[in-house]
Amino acid sequence: HAAPVLRMLYPIDTLYIFSYVLLVFAMVHCVPERRAAGQLAIIAVLATAGFDFVENNFILAMANGAERGNVPSLANITFETTITQIKFNCGLLLTLSLSFLIPFQGKLAAVSRWLPRAAVVVGPFAILSPETVLIYLAMNIGLGVCIGILYWQPRPLQNAPSPLRT
């Protein structure tokens, strides 16, 4: 009964994948002086996205098979679980690398640098209980909000190109 729901969520998750890839590329573009962290972030986001796509397609294939009466084998379940875990670990590396792309000073910047580092420590324990999952999710949502506020603050336009300047 889950296959129709999975098919409905697939495009939503695909949009989410594209959004986090674009976010990382935008962050790396904003701080070219942090080349090593940027390169690590790009490698990590591409690996995370790749494993995310493999995971989504494999889950859909198993759901389609289940609709036809095929029970997933232990090997299929093991493969899917392994892909999920690799994706999760690539995501942790991505989260850590993002913490080195926060170039601003101040309290919000400090929170934005240390929140992902704490998430990397808490992340592996997130599956232990519903409470730790909620803490991990809250940390990631908080990180997203902090990054959004830091990167999309109005900037002075004194050096911006203008059609009025000749």
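Residues numbered from 1 in each chain as written. Predicted model: local features only at pLDDT ≥ 70, side-chain atom pairs only at ≥ 80, totals over all residues. Heavy atoms only, no water.

1. Quick look at the side chain of Asp52
Definition in use: Only DSSP runs of H or I covering at least 4 residues are called helices, and only runs of E covering at least 2 are called strands; the numbering of each starts at the N terminus. Any pair of residues with heavy atoms lying within 4.5 Å of one another is described as a contacting pair.
Topologically, Asp52 is positioned in helix α2 (residues 35-67). Once residues lying within four places of it in the same chain are set aside, the contact partners of Asp52 are Asp13, Ile17, Tyr20 and Lys87.

2. Some remarks on the environment of Val28
Put simply, the test is: Relative accessibility decides the category of a residue: with a 1.4 Å probe and only protein chains considered, values under 20% of the type maximum give buried, values over 50% give exposed, and everything between is partly exposed.
Structurally, the position occupied by Val28 is in helix α1 (residues 3-30). A relative accessible area of 16% means that Val28 is categorised as buried. When the C-alpha positions of Val28 and Leu40 are compared, they lie 9.9 Å apart, and in sequence the two are 12 residues distant. What Val28 contacts, discounting residues up to four positions off in sequence, is Gly38, Ala41, Ile42 and Leu101.

3. Some remarks on the nonpolar core
As a reminder of what qualifies: Side-chain atoms within 4.5 Å link the members of a nonpolar core, which is a set of buried Ala, Val, Leu, Ile, Met, Phe, Trp, Tyr and Cys residues.
Residues Val24, Ala41, Leu94, Leu98 and Leu101 are the most contacted members of the largest nonpolar core, which totals 26 residues. Contributing elements (two or more residues each) for this core: α1, α2, α3 (74-99), α4 (107-122) and α5 (130-151). Top contributing element to this core by residue count: α1, with six residues. Beyond its immediate chain neighbours, meaning those up to four positions away, Leu94 contacts Val24, Ala41, Ala44, Val45 and Thr48.

4. Description of the pattern of salt bridges
Going by this rule: Salt bridge, as used here: a side-chain nitrogen of Lys or Arg that lies within 4 Å of a carboxyl oxygen of Asp or Glu.
Applying the stated criterion across every chain yields a total of three salt bridges. A salt bridge links Glu67 to Arg7; the nearest nitrogen and oxygen atoms lie 3.1 Å apart. Of this pair, Glu67 sits in helix α2 while Arg7 sits in helix α1; the two residues are 60 residues apart in sequence, bridging distant segments of the chain. A relative accessible area of 47% places Glu67 in the partly exposed class. Here the salt bridges do not stand alone but share partners, grouping Asp52, Glu55 and Lys87 into one network.

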